[in-house]
Amino acid sequence: MYVVEDKGGAIALMLAALLFLGTWPAVLTLLEQRGRLPQHTYLDYSLTNLLAAVLIALTFGQIGDSKPNMPNFFTQLTQDNWPSILFAMAGGIVLSLGNLATQYAWAYVGLSVTEVITSSITVVIGVGCFLIAVCLGSAVHTSNAADNEKKLKDSSNKYQNKTSTTGDQELSKGVSDEAGIPKDLENGISHVSNADFNVDKAKAGTAEFLIQLEKKRSIKVLGSNTCLGLSIVFVAGICFSLFSPAFNLATNDQWHALKEGVPHLVVYTAFFYFSISCFVVGIGLNIWFLYKPVLGLPSSSFAAYLKDWKGRHWALLAGLLCGFGNGFQFMGGQAAGYAAADSVQALPLVSTFWGIVLFGEYRRSSRKTYVLLVSMLFMFIVAVGVLMASSGHRKT
């Protein structure tokens, strides 16, 4: 089994994890804004997310000789370590539920605010700055929602007439149903041209941009209740706050659930079982959502999913980024301890960068929204810095 022994290598792994874990949400957000059903996207994502865990276990988990206290991956599969396995799988279940919830939250609340709030809730107990970041994040979303509503009300009558005419033409051509999804999903045929996915027709942040984006995206959010999106975010944050303790119990056995003489689960074995349960929950729920969709999404089918190749490579890439990001985080954290592990809480800063650069979040918003956004990010950075500084004095 390969063990990262120097903190330099561990920190490099943590930085890679920070980049990967902050980027994959942007990839899934891009697909949703281009109209791909989130059920289809998450099914693809789940496949490569599990693949990453298997590759890590079969390579890093098998390198070198097996030791009594640190057995290789295959050796540990035959040992009586079910209590630790169940803890690892419990962590995978809550992480899968959290990731699934955030996929919908990104549409309602935005990439930046969703990631800040969920990461803050993860370690919110005892850290006042994170609480402030959560409150400011809610205020940012509320203020930005008000800005968007004002933009739409101020939209010119000329543009409204133009979009009305365009809408009638599209309806006559049978481009899409009222949810903005191609009608013959069962045959996997998309009648939407590439021009319909061009976000650059209107400047980011304008009323025209918001209207065009709403037409294309799969999850319709304009006019939705602000509390709905924030509720989904808080549910995701609670799930994320539970998976790390479960993983720690799986690898360290603080509750002494293992029989005497049975070695603790190594990080690779724990991550493998963790990813298995994450995969089962993600696949199971999204197959159910194909036929029983939520939040007004259109129904689909497994056959339609198999035929939907638009953006599939991006969804598969997102799964690899998330899988390797989690794996690198666990590998690096095992060697560098709390200080390096806590640095991954800064991943919302990466997501915020992508949200602003790629999706034009908060573009042309009011000064109040900008002040709240900067304040939220500042308090979040302070909180992460204080957490890392204090954890650096702990024994690992």
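Residues numbered from 1 in each chain as written. Predicted model: local features only at pLDDT ≥ 70, side-chain atom pairs only at ≥ 80, totals over all residues. Heavy atoms only, no water.

A.B. asks: Please explain the overall build of the protein chain as it appears in this structure.
C.D. replies: Of the regular secondary structure elements, the protein chain holds 15 helices and zero strands. Counting over 396 residues, the protein chain shows a buried share of 53%. Long-range pairs, those at least 24 residues apart, make up 82% of the contacts in the protein chain with a sequence separation of at least 6. Taken as a whole, the protein chain presents about 18000 Å² of accessible surface, with 65% of it coming from carbon and sulfur. (Helix = DSSP H or I, 4+ residues; strand = E, 2+ residues; numbered from the N terminus. Buried < 20%, exposed > 50% of the residue type's maximum accessible area, 1.4 Å probe, protein only. Contact = heavy atoms within 4.5 Å. Areas by Shrake-Rupley, 256 points an atom, 1.4 Å probe, with all protein chains shown as cover.)

A.B. asks: What is the right way to read the environment of D147 from this model?
C.D. replies: Residue position: D147 is located in helix 6 (residues 128-153). The exposure class of D147 is buried, given its relative accessible area of 12%. Residues D147 and R364, 217 residues apart in the sequence, show an inter-C-alpha distance of 8.8 Å. For D147, the residues in contact, after removing those within four places along its chain, are S365, S366 and T369. Only 3.1 Å separates the side chain of D147 from the side chain of S366, close enough to count as a polar contact. (Polar contact = N/O pair within 3.5 Å; in protein donor to acceptor, adjacent residues only side chain to side chain.)

A.B. asks: What am I meant to see in the pattern of salt bridges here?
C.D. replies: It is possible for side chains of opposite charge to pair when their charged atoms get near one another. Here the structure, examined in full by the defined rule, presents six salt bridges. Taking the shortest distance from any N to any O, the salt bridge between R217 and E32 comes out at 2.7 Å. You can see R217 sitting in the loop between helix 8 (207-216) and helix 9 (226-252) and its partner E32 sitting in helix 1 (residues 7-33), a full 185 residues away along the chain. Here R217 and E32 have matching classes, each one buried. Across the pair D308 and R36 runs a salt bridge whose closest N-O atoms are separated by 3.2 Å. Residue D308 is found in the loop between helix 11 (302-307) and helix 12 (312-336), and its partner R36 is found in the loop between helix 1 and helix 2 (38-59); the two are separated by 272 residues along the sequence. With respect to class, D308 is no different from R36; both count as buried. The network of salt bridges with shared partners includes R36, D44, D308 and R312. (Salt bridge = Lys/Arg side-chain N within 4 Å of Asp/Glu carboxyl O.)

A.B. asks: Please clarify how the side chain of T114 should be interpreted in this entry.
C.D. replies: With respect to the element layout, T114 can be found in helix 5 (residues 111-122). Not counting the four nearest positions on each side in its chain, T114 is found in contact with T102, A105, W106, V109 and V233.

A.B. asks: Looking at this structure, I do not really get a nonpolar patch on the surface. What am I missing?
C.D. replies: On the surface, a nonpolar cluster with roughly 350 Å² of combined accessible area is contributed by I287, Y291, F302 and L306. Those elements giving two or more residues to the nonpolar patch turn out to be helix 10 (267-291) and helix 11. Counting through the fold element by element, I287 comes out in helix 10. Using a relative accessible area of 31% as the deciding quantity, one classes I287 as partly exposed. (Patch = residues over 30% accessible without salt bridge, like charges linked within 9 Å, V, L, I, M, F, W, Y side chains within 5 Å.)

A.B. asks: How do you make sense of helix 2 when you look at a structure like this?
C.D. replies: Residue pairs three or four apart in sequence face the same way in an α-helix, which turns once every 3.6 residues. Taking 1.5 Å per residue as the helical rise, helix 2 with its 22 residues ought to reach 32 Å, and the 32 Å between its terminal C-alpha atoms agrees with that figure. In terms of residue burial, helix 2 counts as a mostly covered element, since 16 of its 22 residues are buried. (Expected span 1.5 Å × (residues − 1).)

A.B. asks: In this structure, what is going on with unusual backbone geometry? I would like to understand it.
C.D. replies: Backbone phi values are negative for most residues with the exception of glycine, while trans is the configuration of most peptide bonds. Positive phi values are uncommon outside glycine, yet D253 reaches one of about 50°. Relative to the helices and strands, D253 is located in the loop between helix 9 and helix 10. Phi is positive for H256, close to 55°, though the residue is something other than glycine. Along the chain, H256 turns up in the loop between helix 9 and helix 10.

A.B. asks: Explain the environment of A53 here, please?
C.D. replies: Within the fold, A53 resides in helix 2. Considered as a pair, A53 and S275 are 222 residues apart in the sequence and their alpha carbons are 6.5 Å apart. Beyond its immediate stretch of four places on either side in the chain, A53 contacts F271 and S275.

A.B. asks: Just to check I follow, could you spell out the nonpolar core for this structure?
C.D. replies: Nonpolar side chains in soluble globular proteins tend to end up buried together. In this structure, W24 and M376 are the most contacted members of the largest nonpolar core, which totals 79 residues. Among the elements that make up this core, the one with the highest residue count is helix 4 (residues 82-109) (twelve residues). Beyond its immediate chain neighbours, meaning those up to four positions away, M376 contacts V113, V116, A133, L136, G137 and V140. (Core = buried A, V, L, I, M, F, W, Y, C linked by side-chain atoms within 4.5 Å.)

A.B. asks: Is there a simple way to think about the state of the cysteines in this case?
C.D. replies: In protein chemistry, a disulfide is the covalent bond that joins the sulfur atoms of two cysteines. Considering all chains together, one arrives at zero disulfides under this definition. Between C278, a cysteine without a disulfide, and C322, which holds the nearest cysteine sulfur, the sulfur-to-sulfur distance is 7.1 Å. (Disulfide = S-S within 2.5 Å.)

A.B. asks: Mind showing me how you'd approach the confidence of the model for the protein chain here?
C.D. replies: Any residue range with low pLDDT should be treated as having predicted coordinates unsuitable for detailed reading. Summarising the model, the protein chain shows a mean pLDDT of 80, and 80% of its residues fall at 70 or more. Per-residue pLDDT stays below 50 along residues 170-199; that stretch engages in 53 contacts with residues further than four places along the chain or on separate chains. (pLDDT = per-residue confidence, 0-100.)

A.B. asks: Quick question: what am I supposed to make of the packing of aromatic side chains here?
C.D. replies: Going through the model one piece at a time under the given rule, you end up with 19 aromatic pairs. Each ring, one from W24 and one from W106, has its centre 5.6 Å from the other, and the planes form 75°; the classification is edge-to-face. With W24 in helix 1 and W106 in helix 4, the pair connects residues that are 82 residues apart, well separated along the chain. There is no split in this pair, since W24 and W106 are both buried. Ring centres of F87 and W255 lie 5.6 Å apart, and the angle between their planes is 80°; on these two criteria the pair is classed as edge-to-face. Placement of F87 in helix 4 and of W255 in the loop between helix 9 and helix 10 is noted, with a sequence separation of 168 residues between them. In textbook terms, an aromatic cluster arises when at least three aromatic residues are bridged by ring pairs, as seen for F243, F247, F271, F274 and F330. Directly above the aromatic system of W309 lies the positively charged group of R312, at a separation of 4.4 Å from the ring centroid. (Phe/Tyr/Trp six-rings, centres within 6.5 Å; stacked < 30°, edge-to-face > 60°. Lys NZ or Arg CZ within 6 Å of the ring centre and 35° of its normal.)

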